[in-house]
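# Commentary on secondary and tertiary structure
Listed here are the chains, written in short residue letters.
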Amino acid sequence: MEATTRCPCGTGLTFGECCGPIHAGERDAPTAESLMRSRFTAFATGDETYLLHSWHPSSRPAHIGVEPSIRWLRLDIVETVAGGPFDRDGIVEFVAHYRSGDGPGRLRERSRFVRDRAWLYVDGEVAEHGVQP
């Protein structure tokens, strides 16, 4: 993705100002929400390497298999609990909107994050997933 392209995560910044440096390892995500946004961007751009890198080793799968037929369109943050720069853990609830061959869909998840040296995704509870009528 070009550095001057609008970042898919929805902050309004360019990829080079927002998730690009996090994906490149130039800086860590400062909050659980910013890590969630960077992970959404990784799904939108098909960056499986970053997704695995940002996943906690205790729950990280061997591979993800990013689905190229799904186009991730928009991320809405519903709620954050803790997850700030001085917290050890946090929760981010989000709705990710997408389009697949079956039509428009959405994924609603309440995700858990922990911070050791950097924020990492642990797991999430899916509340809704599927194509919308």
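The coordinates are above.
Bear in mind the structure is a predicted one, so any value in this text is a computation, not a measurement. (Residues numbered from 1 in each chain as written. Predicted model: local features only at pLDDT ≥ 70, side-chain atom pairs only at ≥ 80, totals over all residues. Heavy atoms only, no water.)

### Brief notes about the sheet that holds strand β2 (residues 89-100)
In plain terms, the rule: Two strands pair if DSSP finds at least two bridges between them. A run of DSSP states H or I qualifies as a helix once it reaches four residues; a run of E qualifies as a strand once it reaches two. Both are numbered from the N-terminal end. Throughout, an axis means a line fitted to C-alpha atoms (over the contacting stretch in the case of helices), and angles, computed between N-to-C directions, take values from 0 to 180 degrees. Contacts were defined at the residue level, with two residues in contact if any of their heavy atoms lie within 4.5 Å.
Reading across the sheet, the 4 strands line up as β1-β2-β3-β4 and stay open at both edges, with antiparallel pairing between neighbours. Strands at the two margins of the open sheet, each flanked by one partner only, are β1 (71-82) and β4 (119-131). In this sheet, adjacent strand axes meet at a mean angle of 20° when their direction is disregarded. Two strands pair when backbone bridges link them, and β1 and β2 are joined in this way by 10 bridges, in the antiparallel orientation. Considered in β2, the bridge of Ala-82 is made with Gly-90. Across the face of the sheet, helix α2 (residues 32-45) comes into contact with β1, β2, β3 (103-115) and β4 while running at roughly 165° to β1.

### Overview of the nonpolar core
Burial of nonpolar side chains together is a common tendency in soluble globular proteins. Stated formally: By nonpolar core is meant a set of buried Ala, Val, Leu, Ile, Met, Phe, Trp, Tyr and Cys residues that side-chain atoms within 4.5 Å join together. Think of it in three bands: residues with accessible area under 20% of the maximum for their type are buried, residues over 50% are exposed, and the middle band is partly exposed, with areas taken using a 1.4 Å probe on protein chains only.
Within the largest apolar cluster, 20 residues are counted, with the highest numbers of intra-cluster contacts made by Leu-35, Met-36, Phe-40, Trp-72, Phe-94, Ala-96 and Phe-113. At the level of elements, α2, α3 (48-53), β1, β2, β3 and β4 are the ones that each hand at least two residues to this core. Sorting elements by how many residues they give to this core places α2 first, with 5 residues. Those residues in contact with Phe-94 that sit more than four places away from it in its chain are Met-36, Leu-75, Asp-76, Ile-77, Val-78, Leu-107, Arg-108, Glu-109 and Ser-111. One finds Cys-7, Cys-9, Cys-18 and Cys-19 within the second-largest nonpolar core, a separate group that totals 5 residues.

### What to know about the packing of aromatic side chains
Inclusion rule: Pairing of aromatic rings covers Phe, Tyr and Trp, the last through its six-membered ring, and needs centres within 6.5 Å; plane angles under 30 degrees mean stacked, over 60 mean edge-to-face, and all others mean tilted.
Counted according to the given criterion, the structure contains 5 aromatic pairs. Pairing Trp-55 with Tyr-121 gives two aromatic rings, centres 5.0 Å apart and planes at 85°, and the pair type is edge-to-face. In this pair, Trp-55 sits in the loop between α3 and β1 while Tyr-121 sits in strand β4, placing the two residues 66 residues apart along the sequence. Residue Trp-55 is classed as buried on the basis of its relative accessible area of 15%. By the ring-pair criterion, three or more aromatic residues cluster together here, those being Phe-40, Phe-43, Trp-72 and Tyr-98.

### Comments concerning α2
Let me state the cut-off plainly: A helix is expected to span 1.5 Å for every residue after the first.
Taking 1.5 Å of rise per residue, the 14 residues of α2 would be expected to cover 20 Å, and the 20 Å separating its terminal C-alpha atoms lies within 8% of that figure. With 10 of 14 residues buried, α2 is to be regarded as a mostly interior element. Looking at α2, one finds that the buried residues are Ala-32, Ser-34, Leu-35, Met-36, Arg-37, Ser-38, Arg-39, Phe-40, Thr-41 and Ala-42. If you follow the buried residues of α2, they end up packed against α1 (20-23), α3, β1, β2, β3 and β4. Immediately downstream of α2, the backbone of Gly-46 shows phi near 75°, a positive value.

In short, the description is geometric, and any link to function would need to be established separately.
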